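Here is what each chain is made of, one letter per residue.
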Amino acid sequence: MVTSRPRSRSGLFEIILIGWPSLRIEIQTLPNTKLSSNERASLGYYTRAALVATAKGQWVAIWRSKIGRKLRTPVRFRWTLVFPPGMRRLDTDGCADVLKPCVDAMVTAEIIPNDSPVYVVEQAYRSERGKAPMTVLEIWESPAPSRPGPGRKSKGEGIHTP
């Protein structure tokens, strides 16, 4: 469940995810920051495509080792990029740009079926300062489907066709 509340007098709102995430994954690296919209403009098409392909391949391996199973969709992601001192932080638009290959890699690794809004209903991005570079992903999965209890019949059970 997602709710919002006023954050300050200026009328800005803060998204609050209710409950604990299903998964919290900490990876001791950052995505390639050259893929942000600010940096990407100076790259040629083929250079950019090569960077995306390389990043996607690296993240496929990371997701297979860290998650290793299909997620129950739809999902919500909250990404936090931690930048060490001396490294320029990204704004939220830049975070979205550099994390797109990471989400695409989840599709390639068959962690989620697709990255469309049907399967990934929300993504939130934050950029923070820290001692070491790190990518933190918190995932809220859909609840597990309920099973019929003892003595109950599921849909279609007990119906016979000649």
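Residues numbered from 1 in each chain as written. Predicted model: local features only at pLDDT ≥ 70, side-chain atom pairs only at ≥ 80, totals over all residues. Heavy atoms only, no water.

Engineer: Explain the overall build of the protein to me, please; I cannot follow it from the model alone.
Structural biologist: The number of helices and strands found in the protein is 3 helices and 6 strands. Taken from the N to the C terminus, the helices and strands of the protein come in the order β-β-β-α-α-β-α-β-β. Taken over 162 residues, the protein has a buried fraction of 30%. Counted over contacts in the protein with a minimum sequence separation of 6, partners at least 24 positions apart contribute 78%. Total accessible area on the protein is roughly 10700 Å²; 52% of this is exposed by carbon and sulfur atoms. (Helix = DSSP H or I, 4+ residues; strand = E, 2+ residues; numbered from the N terminus. Buried < 20%, exposed > 50% of the residue type's maximum accessible area, 1.4 Å probe, protein only. Contact = heavy atoms within 4.5 Å. Areas by Shrake-Rupley, 256 points an atom, 1.4 Å probe, with all protein chains shown as cover.)

Engineer: What is the right way to read the pairing of strand 5 (residues 120-129) from this model?
Structural biologist: The two faces of the sheet receive side chains in turn, since in a regular strand these alternate between them. Bridging between strand 4 (residues 75-83) and strand 5 involves 9 bridges; their strand directions are parallel. Following the sheet pairing, R78 is matched in strand 5 by A124. Between the parallel pair strand 4 and strand 5, the chain is carried across by helix 3 (residues 92-108), and the sense of this crossover is right-handed. (Pairing = 2+ DSSP bridges. Right-handed = clockwise from strand over helix to strand, strands pointing away.)

Engineer: Got a minute to help me understand the nonpolar core in this structure?
Structural biologist: Most often, soluble globular proteins keep nonpolar side chains buried together rather than apart. Judged by nonpolar contacts, the single largest core of 30 residues is most densely connected at W63, F77, W79 and M106. Those elements that place two or more of their residues in this core are strand 3 (23-27), helix 2 (45-66), strand 4, helix 3 and strand 6 (134-140). The leading source of residues in this core is helix 3, at 7 residues. Ignoring anything within four residues of it in the chain, the contact list for W79 reads W63, L99, C102, V103, M106, Q123, A124, Y125, R126, T135, V136 and L137. (Core = buried A, V, L, I, M, F, W, Y, C linked by side-chain atoms within 4.5 Å.)

Engineer: Just to check I follow, could you spell out the pattern of salt bridges for this structure?
Structural biologist: Side-chain pairs of opposite charge can arise where the charged atoms are in close proximity. Scanning the entire structure with this criterion turns up 9 salt bridges. The closest approach of N and O atoms between K100 and D115, which form a salt bridge, is 2.5 Å. With K100 in helix 3 and D115 in the loop between helix 3 and strand 5, this pair connects stretches of sequence that are 15 residues apart. Judged by relative accessible area, which is 40%, K100 ranks as partly exposed. We classify D115 as partly exposed; its relative accessible area is 25%. Among the salt bridges present, the one from E128 reaches R126, with a minimum N-O distance of 3.5 Å. E128 gets classed as partly exposed once you look at its relative accessible area, which sits at 32%. Taking relative accessible area as the criterion, R126 reaches 38% and is therefore assigned partly exposed. Through salt bridges with shared partners, a single ionic network connects R24, E26, R78 and E138. (Salt bridge = Lys/Arg side-chain N within 4 Å of Asp/Glu carboxyl O.)

Engineer: I would appreciate a short explanation of the packing of aromatic side chains in the present structure.
Structural biologist: Tallied over the entire structure, the rule returns 4 aromatic pairs. With 5.2 Å between their ring centres and 85° between their planes, Y45 and Y46 make a pair best called edge-to-face. A single burial state applies to Y45 and to Y46, both of which are exposed. Ring centres of W59 and W63 lie 5.3 Å apart, and the angle between their planes is 40°; on these two criteria the pair is classed as tilted. With W59 and W63 both in helix 2, this residue pair falls 4 residues apart, about one helical turn. Relative accessible area serves as the criterion here: at 0%, W63 is assigned to the buried category. Members of the aromatic cluster, each reached through a chain of ring pairs, are W59, W63, F77 and W79. (Phe/Tyr/Trp six-rings, centres within 6.5 Å; stacked < 30°, edge-to-face > 60°.)

In short, the description is geometric, and any link to function would need to be established separately.
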